[in-house]
Amino acid sequence: QVQLVESGGGLVQAGGSLRLSCAASGRTFSSYLMGWFRQAPGKEREFVAGISWSGGTTDYADSVKGRFTISRDNAKNTVYLQMNSLKPEDTAVYNCAAKNAYASGRFSLRAALNSAQTGQGTQVTVSS
């Protein structure tokens with residue numbers, strides 16, 4: 001397993017941007033599928049985005065497609081979530097996720113991440 005530490009959350013006005021980072025420990029980061037989930041108060045956990053080992057495959061929830069971008073830097077053991085055009089409904093705790101597995105496409109990427117380990121999370125609050 002890897003240890004995951006998220007950062008970059010905060011309070012932002014609607015329409016603004018934030019960039020979340022997730023630093024992972026361990027020497028095999030490049031063999032981990034990575035992703036982001038979020039959970040708002042009173043709601044179930046929701047998949048946000050996922051990325052394959054090399055970054056060549058990405059997947060997004062429909063609710064964030066076109067606004068959020070996931071990326072990774074394997075040299076820095078870090079995955080990022082760039083969030084633009086934020087909306088109040090994006091308010092949630094965002095958790096980084098890591099899964100030591102292979103995914104052949106977007107469907108298997110999301111399926112694998114559903115059983116991934118997650119970090120402690122970082123709060124994102126979007127005011128209207």
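Residues numbered from 1 in each chain as written. Predicted model: local features only at pLDDT ≥ 70, side-chain atom pairs only at ≥ 80, totals over all residues. Heavy atoms only, no water.

A. View of the sheet that holds strand β1 (residues 4-7). Read across the open sheet, the 4 strands follow the order β1-β3-β8-β7; overall the sheet is antiparallel. Of all strands in the sheet, those with a lone pairing partner are β1 and β7 (68-73), marking the two edges. Put simply, the sheet's adjacent strands are angled 15 degrees from each other on average, direction ignored. (Pairing = 2+ DSSP bridges. Helix = DSSP H or I, 4+ residues; strand = E, 2+ residues; numbered from the N terminus. Axes fitted to C-alpha atoms, helices over the stretch in contact; angles between N-to-C directions.)

B. Here's a closer look at the side chain of asparagine 95. By the secondary structure assignment, asparagine 95 is in strand β9 (residues 92-99). Assessed through its relative accessible area of 13%, asparagine 95 is described here as buried. Here the side chain of asparagine 95 touches glycine 119 through a polar contact of 2.9 Å, landing on its backbone oxygen. Contact partners of asparagine 95, with chain neighbours within four places excluded, come to Glu6, Gly35, Trp36, Phe37, Thr118, Gly119, Gln120 and Gly121. (Buried < 20%, exposed > 50% of the residue type's maximum accessible area, 1.4 Å probe, protein only. Polar contact = N/O pair within 3.5 Å; in protein donor to acceptor, adjacent residues only side chain to side chain. Contact = heavy atoms within 4.5 Å.)

C. Local environment of the pattern of salt bridges. This structure, assessed with the given rule, holds 6 salt bridges. The shortest N-O distance in the salt bridge between arginine 38 and glutamate 46 comes to 2.7 Å. Judged by relative accessible area, arginine 38 falls into the buried class, the value being 5%. On the basis of relative accessible area, glutamate 46 is assigned to the partly exposed category, the value being 29%. (Salt bridge = Lys/Arg side-chain N within 4 Å of Asp/Glu carboxyl O.)

D. Structural context of the nonpolar core. Counting 30 residues, the largest nonpolar core has Met34, Trp36, Leu81, Met83 and Tyr94 as its most contacted members. Core analysis: the second largest hydrophobic core is formed by 10 residues, Ala97, Ala101, Leu109 and Ala116 among them. (Core = buried A, V, L, I, M, F, W, Y, C linked by side-chain atoms within 4.5 Å.)

E. Region of the structure containing the pairing of strand β11 (residues 122-127). Residue alternation in β11 divides its side chains into a buried set, Thr122, Val124 and Val126, and an unburied set, Gln123, Thr125 and Ser127. Here strand β2 (residues 10-13) pairs with β11 via 4 bridges, running parallel. Across the sheet, residue leucine 11 finds its bridge partner in β11, namely threonine 125. Where β9 lies against β11, 3 bridges are found, and the strand directions are antiparallel. Considered in β11, the bridge of alanine 92 is made with valine 124.

F. Geometry of unusual backbone geometry. Unusually for a residue other than glycine, asparagine 77 sits at a positive phi of about 50 degrees. In this fold, asparagine 77 is placed in the loop between β7 and β8 (78-83). One non-glycine residue, serine 85, lies in positive phi territory at about 50 degrees. Classification of serine 85 as partly exposed rests on a relative accessible area of 41%.

G. The packing of aromatic side chains, seen in detail. On inspection of all chains with the given rule, the structure shows 2 aromatic pairs. Between phenylalanine 37 and phenylalanine 47 the ring centres are 5.7 Å apart and the planes differ by 80 degrees, which places this aromatic pair in the edge-to-face class. Here the residue phenylalanine 37 occupies a position in strand β4 (residues 33-39), and phenylalanine 47 occupies one in strand β5 (residues 46-51), the gap between them amounting to 10 residues. Assigned by exposure class, phenylalanine 37 and phenylalanine 47 land together as buried. (Phe/Tyr/Trp six-rings, centres within 6.5 Å; stacked < 30°, edge-to-face > 60°.)

Interpretation note: all reported values are geometric properties and have no functional meaning in isolation.
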